[in-house]
Amino acid sequence: MTEGNSLTDAELMLRIAGYDSKALEQLYDRYTPLLYTLIRRIIPDRETAEEVLSEIFVIIWRQIDQINFTNGNVYTWMVTLARNKAIDVKNRTAGKVTEEYSEEYEKNRILPKLSPEIEAVELETVLGMKEKIEGAIKSLTDAQRYVMELSYYEGLDESVIAEKLKIPSSTVKSKLQVAIGNLMKKISKTN
């Protein structure tokens, strides 16, 4: 195992903060399969998805001083960054976002701001739980799964989902809360 492979995600980020380009390459190698899959779920076009993936690592390099990894939660931050960027590109392509993309916009709308209460997890741990996570998602009702997909992959808020499905916002909110609660229960259960 090379030194880069033995470093935690947080250690790689600290090296990137010191402008270590090899650490950025190692982070890219580690996260590309996961992030690309997520991005393609949001943006089906292969070429656009590849551009978004590249842009994510440019953002990390340029904005590393804006990122706080004291809790070590690189995995959740990376996934959220990829989701935010992919949804923004999708919405811009569809003409839903017309605000100029600037450094300030990126800091406020694209860079994740994670709660310190979110428990840190390493990519390797999540990959080891893949079957459990997939099973938990499959256990949701079709309605719960659909509302979660609209929220997560489409980036729609509760009121827009309610309008789209022609149901009250309170129903959307409760479906999301129940679905998330069910997912958390199933995922946290030990085998």
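A short tour of the structure in this document, coming up. For clarity, every value in this text was computed on a predicted model and none was experimentally measured. (Residues numbered from 1 in each chain as written. Predicted model: local features only at pLDDT ≥ 70, side-chain atom pairs only at ≥ 80, totals over all residues. Heavy atoms only, no water.)

Take unusual backbone geometry next. The residue Tyr19 is not glycine, and still its phi comes out positive at about 60°. Residue placement: Tyr19 occurs in the loop between α2 (9-17) and α3 (21-42). (Helix = DSSP H or I, 4+ residues; strand = E, 2+ residues; numbered from the N terminus.)

The next subject is the layout of surface pockets. Empty space within the largest pocket amounts to approximately 1,800 Å³. Where the lining of the largest pocket is concerned, the elements lending two or more residues are α3, α5 (74-93), α7 (123-128), α8 (130-138), α9 (142-152) and α11 (169-188). Partitioned by chemical class, the residues of the lining of the largest pocket number 22 nonpolar, seven polar and eight charged. What lines the second largest pocket is a set of 15 residues, and nearest its centre among them are Asn68, Trp77, Pro112, Lys113 and Leu114. Here the lining of the second largest pocket is built from residues that sort into seven nonpolar, six polar and two charged. (1 Å grid on protein atoms, 1.4 Å probe; cavity = no way out; pocket = protein on both sides within 12 Å on 5 of 7 lines; lining within 4 Å. Points joined across faces, edges and corners; volume = space filled by probe spheres on them. Nonpolar A, V, L, I, M, F, W, Y, C, P; charged D, E, K, R; others polar.)

Before going further, it helps to examine the side chain of Asn91. Mapped onto the elements of the fold, Asn91 is located in helix α5. Setting aside anything within four residues of it in sequence, one finds Asn91 in contact with Lys96 and Val97. (Contact = heavy atoms within 4.5 Å.)

It is the contact of α2 with α3, at a shortest axis distance of 8 Å, that shows an interaxial angle of 145°. Considering the relative orientation of α2 and α3, their crossing is left-handed. Contacts between α2 and α3 involve Asp9, Leu12, Met13, Arg15 and Ile16 from the former and Ala23, Leu24, Gln26, Leu27, Arg30 and Tyr31 from the latter. For the contact of α2 with α3, the residue count by class is seven nonpolar, one polar and three charged. (Axes fitted to C-alpha atoms, helices over the stretch in contact; angles between N-to-C directions. Left-handed = near helix turned anticlockwise from the far one by under 90°.)

Let us now look at helix α4 (residues 46-63). The terminal C-alpha atoms of α4, which comprises 18 residues, lie 26 Å apart, in line with the 26 Å expected from a rise of 1.5 Å per residue. Restricting attention to buried positions, one finds in α4 the residues Ala49, Val52, Leu53, Ile56, Phe57, Ile59, Ile60 and Gln63. Down the axis of α4, the buried set is contained in an arc of 150°. They therefore lie on one face. Buried residues along α4 sit in contact with α2, α3, α5 and α6 (103-110). (Expected span 1.5 Å × (residues − 1). Buried < 20%, exposed > 50% of the residue type's maximum accessible area, 1.4 Å probe, protein only. Arc of directions from axis to C-beta.)

Throughout the structure, instances matching the rule amount to four aromatic pairs. For the pair Tyr28 and Phe57, a centre-to-centre distance of 4.9 Å together with 65° between the ring planes defines the contact as edge-to-face. Here Tyr28, found in helix α3, pairs with Phe57, found in helix α4; they are 29 residues apart in sequence, far enough to count as distant. With relative accessibility at 33%, the residue Tyr28 sits in the partly exposed group. Look at Tyr152 and Tyr153: their rings are 5.2 Å apart centre to centre, the planes differ by 90°, and that puts the pair in the edge-to-face class. (Phe/Tyr/Trp six-rings, centres within 6.5 Å; stacked < 30°, edge-to-face > 60°.)

Function-wise, these values are silent; they only describe arrangement.
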